[in-house]
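Observations on chain architecture
Below, each chain spelled out in residue letters.
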Amino acid sequence: MSDVATNLRRIEATLPQGVALVAVSKFHPLPAISEAYAAGQRVFGESRVQELAVKAPQLPDDIRWHFIGHLQTNKVRQLIRLRPALIESVDTDRLLSVIDAEAAKEGVVQNVLMQLHVAREETKFGFSPDELLKYFSERRFENLKATHICGVMGMASNTDYESRVFEDFRLISDTFREIGRMCPDLRGFDTVSMGMSHDYLMAVDCGSTMVRIGTAIFGDRY
Ligand SMILES: *Cc1c(COP(=O)(O)O)cnc(C)c1O
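An account of the accompanying structure is given in this report. Residue positions are given per chain, counting from 1 as you read along its sequence in written order. Owing to the predicted nature of the model, reporting of local features is limited to residues with pLDDT of at least 70; listing and counting of side-chain atom pairs is limited to 80 or more, with chain, interface and lining totals taken over all residues. Side-chain calculation: all heavy atoms of the structure are included, whereas hydrogens and water are not.

1. As for the overall build of the protein
- Numbering of helices and strands runs from the N terminus; a helix is a DSSP stretch of H or I covering at least four residues, while a strand is a stretch of E covering at least two. When its secondary structure is counted, the protein shows 9 helices and 8 strands.
- Relative to the globule expectation of 17 Å for 222 residues, the C-alpha radius of gyration of the protein, 17 Å, shows essentially globular dimensions.
- In terms of overall dimensions, the protein has C-alpha extents of about 50 × 45 × 30 Å along its principal axes.
- Evaluated residue by residue, the protein yields a buried proportion of 51% over its 222 residues.
- Only the protein chains shown count as covering a residue, and every accessible area follows the Shrake-Rupley method with a 1.4 Å probe. As displayed, the protein offers around 10,900 Å² of accessible surface, 50% of which is attributable to carbon and sulfur atoms. Atoms counted for the radius of gyration: C-alpha only. Globule rule: 2.2 Å times residue count to the power 0.38. Only protein chains enter the accessibility calculation, which uses a 1.4 Å probe. A residue is then buried if its area is under 20% of the maximum for its type, exposed if over 50%, and partly exposed in between.

Listed below in structure tokens is the structure:
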């Protein structure tokens, strides 16, 4: 077995049933992705539209691509034409409106996650928990014509303090549950995407249903 296949098997063995694995292939070349594909992996994550646009046409079309990076509104049309299975990184109301308009024009329904910002780093994008709760309490999602909100995505602080990481993940999953309580009629709102190579086990303990793992599968990015 290749290293990539071995890494995938080892990680899968640690994931409870019902937790999806997104293999984050950003910055990794096509042969690495093909190895993971040959090992059965079908869901991959990319963080740049340009990179996805180059890679996707060269790889099997049953791959489900998740877009996980910061998305500029002027790239939305190009991204939607690549038919990503899920855009995990919706970080503003404006971006969501642009996605909705472009998906409507393309005649597709775009699945998305709302990105929550809970980590201490200032550079991370996303809604604060309060902003997101307000979005749902005002039921603004009812204006969407061609977008389906499937859940939330978030990252924990990048720190060795486990208690801080734990608090961040709990805040993400508590916010997700609060939205569900507030809007029990929301359909298909069932995804909590959190956990990366170094912290995914704790994320799973805190209620993650989707982990995004790059380095632990493909090695370091250059
Ligand atoms: C790069 C990235 C990951 C994967 O990180 P690893 O530490 O390599 O597992 C997960 N989520 C997002 C949003 C990323 O940008």
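Still to come is the rest of the account.
2. Let's talk about the site of the ligand
- Throughout this document, a residue counts as near a molecule or strand when at least one of its heavy atoms sits within 4 Å of that molecule or strand. In the vicinity of the ligand, the contacting residues are Val 24, Lys 26, Ile 68, Met 155, Met 196, Ser 197, Arg 212, Ile 213, Gly 214, Thr 215 and Arg 221.
- N or O atoms within 3.5 Å of each other form a polar contact, as long as, within protein, one can give a hydrogen and the other can take it, and as long as residues adjacent in sequence are counted only when both atoms are side-chain atoms. Lys 26 is positioned with one of its side-chain polar atoms (N or O) 2.7 Å from an oxygen atom of the ligand.
- Interatomic distance of 2.8 Å between a side-chain N/O atom of Arg 212 and a nitrogen atom of the ligand.
- Considered on its own, the ligand offers 390 Å² of accessible surface; in the complex 90% of this is hidden by protein.
- Under the scheme applied here, ten amino acids are nonpolar (Ala, Val, Leu, Ile, Met, Phe, Trp, Tyr, Cys and Pro), four are charged (Asp, Glu, Lys and Arg), and all others, including Gly, are polar. The residue makeup of the shell around the ligand, split by class, is 5 nonpolar, 3 polar and 3 charged.

3. Looking at helix H6 (residues 129–137)
- Within H6, burial applies to Pro 129, Leu 132, Tyr 135 and Phe 136. Buried residues in H6, looked at end-on, bunch into an arc of 125°, giving them a common side.
- Those residues of H6 hidden inside the fold are in contact with helix H5 (93–106), strand E5 (110–117), strand E6 (147–155) and helix H7 (162–182).
- Looking at the residues trailing H6, positive phi occurs at Arg 139, about 55°. In this context, the arc is that of the directions from the helix axis out to the C-beta atoms. Whether two residues touch is decided by their heavy atoms; if any such pair falls within 4.5 Å, the residues are in contact.

4. A few points about the packing of aromatic side chains
- Centres within 6.5 Å are what make two rings of Phe, Tyr or Trp a pair, Trp counting through its six-membered ring; a difference in plane orientation under 30 degrees is then read as stacked, over 60 as edge-to-face, and the rest as tilted. Taken as a whole and judged by the stated rule, the model has 5 aromatic pairs.
- Site record: aromatic cluster; members linked through ring pairs are Tyr 135, Phe 136, Phe 141, Phe 176 and Phe 189.
- Two conditions define a charge located above a ring, namely a distance within 6 Å from the ring centre to NZ of Lys or CZ of Arg, and an angle within 35 degrees of the ring normal. Stacked on the ring of Tyr 37, the Lys or Arg Arg 42 has its end atom at 3.6 Å from the ring centre.

5. Here we look at unusual backbone geometry
- Of note, the phi angle at Phe 27 is positive, near 70°, even though the residue is not glycine.
- As for its position among the elements, Phe 27 is in the loop between strand E1 (20–24) and helix H2 (30–38).
- What makes Phe 27 partly exposed here is its relative accessible area of 37%.
- The backbone phi angle of Arg 83 is positive, close to 55°, even though this residue is not glycine.
- Tracing the chain through its elements places Arg 83 in the loop between helix H4 (76–81) and strand E4 (86–90).

6. A short note on the environment of Leu 82
- Mapped onto the elements of the fold, Leu 82 is located in the loop between H4 and E4.
- For the pair Leu 82 and Ser 208, spaced 126 residues apart in sequence, the C-alpha to C-alpha distance is 27 Å.

Read these as layout, nothing more, since geometry by itself doesn't imply function.
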